[in-house]
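# Descriptive structure summary
Residues per chain are reported as follows:
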Amino acid sequence: MAKELVNGCIAIAESAVRAGCRFFAGYPITPQNHIPEYFSHRLPEVGGVFVQGESEVASINMVYGAAAGGTRAMTSSSGPGISLKAEGISYLAGTQIPAVIVNISRGGPGLGSIQPAQQDYLQATKALGHGGFKTIVFAPATLQEAVDLTYSAWDYAERDRNPVFILMDGCLGNMMETVKFPEMKEPDRNSTSKWNLYRAKDVKRSDRVLSPYFPDAILEMQNKSRNAMMKRWAENDVKVEEFMIDDAEFIAVAYGIAARSAKEAVICLRKEGYKIGLIRPITLNPFPSKSFNKLDYSKVKGFIDTELAIPAQMRIDIQAEVLGRAPIYEYCRSGGILFDDEAVYSNYKKIITEASGNGI
Amino acid sequence: MKKTLVISGSGGQGVMSAGIIIAEAAVDSGRNAVYLPEYGPQQRGGTAKCTVITDEEEIVSPLASKCDVLIALNSQSYSKFKKAVKPGGTLIVNSSMTGQTENIDGFKIINVPADDISSSLGNIKVSNIVMIGALLSSGADIIGKEEMTKTLVQKFSSKSGSADINLEALNAGINYREK
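Residues numbered from 1 in each chain as written. Chains lettered and ligands numbered in written order. Predicted model: local features only at pLDDT ≥ 70, side-chain atom pairs only at ≥ 80, totals over all residues.

### A few points about the overall build of chain A
On a plain count of helices and strands, chain A comes out with twelve helices and 14 strands. For 360 residues, the compact-globule estimate of 2.2 N^0.38 gives 21 Å, and the C-alpha radius of gyration of chain A, at 21 Å, lies within 12% of that figure. Across its three principal axes, chain A shows a C-alpha extent of roughly 70 × 45 × 40 Å. Out of the 360 residues belonging to chain A, those deemed buried represent 52%. (Helix = DSSP H or I, 4+ residues; strand = E, 2+ residues; numbered from the N terminus. Rg over C-alpha atoms; globule rule 2.2 N^0.38 Å. Buried ≥ 20, exposed ≤ 12 C-beta atoms within 10 Å, placed from the backbone.)

### Thoughts on the interface of chain B and chain A
Accessible area lost on assembly of the parts is the figure often given for the size of an interface. Contact residues are listed per partner, giving 17 residues for chain B and 19 residues for chain A. Put simply, the parts of the chain that give the side of chain B that touches chain A at least two residues each are helix 1 (15-28) and strand 2 (32-39) of chain B. Of all the elements, strand 2 of chain B adds the most residues to the side of chain B that touches chain A, at six residues. Broken down by class, the residue content of the side of chain B that touches chain A amounts to 13 nonpolar, three polar and one charged. Pairing geometry for strand 8 (residues 176-179) of chain A and strand 2 of chain B, over two bridges, is antiparallel. Residue pairing for strand 2 of chain B: Glu177 of chain A is matched across the bridge by Val34 of chain B. (Contact = placed C-beta atoms within 7 Å. Nonpolar A, V, L, I, M, F, W, Y, C, P; charged D, E, K, R; others polar. Pairing = 2+ DSSP bridges.)

### Section: the domain arrangement of chain A
Residue and element names in this part refer to chain A. When cut into domains, chain A gives domain 1 (4-236) and domain 2 (240-356). Summarising the inter-unit geometry, the C-alpha centres of domain 1 and domain 2 are found 29 Å apart. Opposite the 26 residues of domain 1 that make contact, domain 2 presents 23 residues. Contributing elements (two or more residues each) for the side of domain 1 that touches domain 2: helix 5 (121-126), strand 6 (136-138), strand 7 (164-169), helix 7 (170-174) and helix 8 (216-236). Top element by residues in the side of domain 1 that touches domain 2 is helix 5. It accounts for four residues. Along the lines of polarity and charge, the residues of the side of domain 1 that touches domain 2 split into 16 nonpolar, six polar and four charged. (Domains from an automatic or database assignment.)

### Let's talk about the packing of helix 5 (residues 127-136) of chain B against helix 7 (residues 162-175) of chain B
All names here are of chain B. Closest axis-to-axis distance for the helix 5/helix 7 pair is 6 Å, and the angle between their directions is 40°. Between helix 5 and helix 7, the angle falls in the class oblique. As helix 5 runs across helix 7, the sense of the crossing is right-handed. Contacts from Ile129, Val130, Met131, Ile132, Gly133, Ala134 and Leu136 in helix 5 reach Asn166, Ala169, Leu170, Asn171, Ala172, Gly173 and Ile174 in helix 7. Grouping the amino acids of the contact of helix 5 with helix 7 by side-chain chemistry returns ten nonpolar, four polar and no charged. (Axes fitted to C-alpha atoms, helices over the stretch in contact; angles between N-to-C directions. Parallel < 35°, antiparallel > 145°, perpendicular 65-115°, else oblique. Left-handed = near helix turned anticlockwise from the far one by under 90°.)

### What to know about the sheet that holds strand 13 (residues 302-307) of chain A
Residue and element names in this part refer to chain A. Strand order in the open sheet formed by five strands is 9-11-10-13-14, with mixed pairing between adjacent strands. Two strands in the sheet have a free side with no partner beyond their single neighbour: strand 9 (240-243) and strand 14 (328-332). Each strand axis lies, on average, 20° off the axis of its neighbour in the sheet, ignoring direction. Across four bridges, the pairing between strand 9 and strand 11 (residues 276-281) is antiparallel. Residue pairing for strand 11: Glu242 is matched across the bridge by Ile279. Here helix 9 (residues 256-271) sits on the sheet in contact with strand 9, strand 10 (250-253), strand 11 and strand 13, set at roughly 165° to strand 11. This element, helix 12 (residues 341-356), spans strand 10, strand 11, strand 13 and strand 14 of the sheet and lies at about 155° to strand 14.

Written out as structure tokens, the structure reads:
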């Protein structure tokens, strides 16, 4: 199949269709409106259903219902709308219903700005809703990666019976880039029998979708298995790009659009002899611990957390891996102001120069 | 080679369409392209800007600080973004809106009365395509005439008659010479 020029929202939406997504419900918000717009004509073409809900709350609950009927379902929004969906996402996790949720993120807090930002990192990775559940969080940095991650998202969600979250900034969501879409996939629906209410007639009592859980001991048992699932993620499901870190003295850490600028800066600085590399988490949760722990800390002079978020949010995850073995510097913007390549390059250079005294 | 083009003007002048058409033409001819739109909440009248980057290689970052070519469709955009052009770069200006702009040392400035040209063709909406024509003959080497013509025909052939007016506008832009 030939390469196509599409925007980030359409990359996700078309890839979802090809992954077998047949239900979408959502409520408009910039900068993700291309997703529902695209689904509104694309889903009926493949026998799917598109609903523009009366609100975010209604939409996430429609996804809950469709997914509980065994359909591959998704919703999308941006920061303020994701907050409204929090209750429904927690219910999906609580009843172990797989679905995919996309956040094309913008400046915050509050109504914030419609311009791109990465200020929903903590929300996405630590607390998408109440009750202490987590999801796998994918953070694409190119539109091809957005296509590939979306295509696989339901496979993870159904394997784990847990929602999967895609966090992509509004810059990637609205820019156009060349992608190659995968073939249409016909997912195996027999594997959905554990939660699919359409098929639940002949399954065991324990296979039913339940919420709430009585007695409490059952819920604790569930939470223990959820905990074990998260440990399996950390072991098996980490996706990361490591770029020139083997001999690096300084290591930029960035994801999504920020990582594109960071990589450009690393390439430029390498040409000038600076020993700098990049760790780019592709899964924000599970965070790529091994990439940090395999480093030789007698050589590493510092990390540069590079985010479109002030205060920096990913920093706490970097801190938890670095454990004081090297200083963590920051270069961040926020509120809808994007990086520009020259500024990232010159700020990295400044940080390195000041940290190491002689520049190299 | 990585080439960065910025197009800016007022919402409604076809800034985004021009950017997408150029990016599509680059992709049709086998190169990589990134198109990055920037605009505020206004649909019409606010400043609209887009960046198009083309390269034979992988495009690492789309957040370029400086551009090789600026296409400015109005005065505001010209004053705002002329500083973003790399030394030796090209500025193509819609002189119907800005008046004749003065030369700046070390830059190539091309004045094109795009609104006058498009009006004389009978449709002011194709001013953006006139400017693409001017880009093709500017020597900026972002996109070739043949590939742009092919993309325009493909894009507009389904809309009756609009391929013709767009091609006329493209050729008028290509053939325009400053007096």
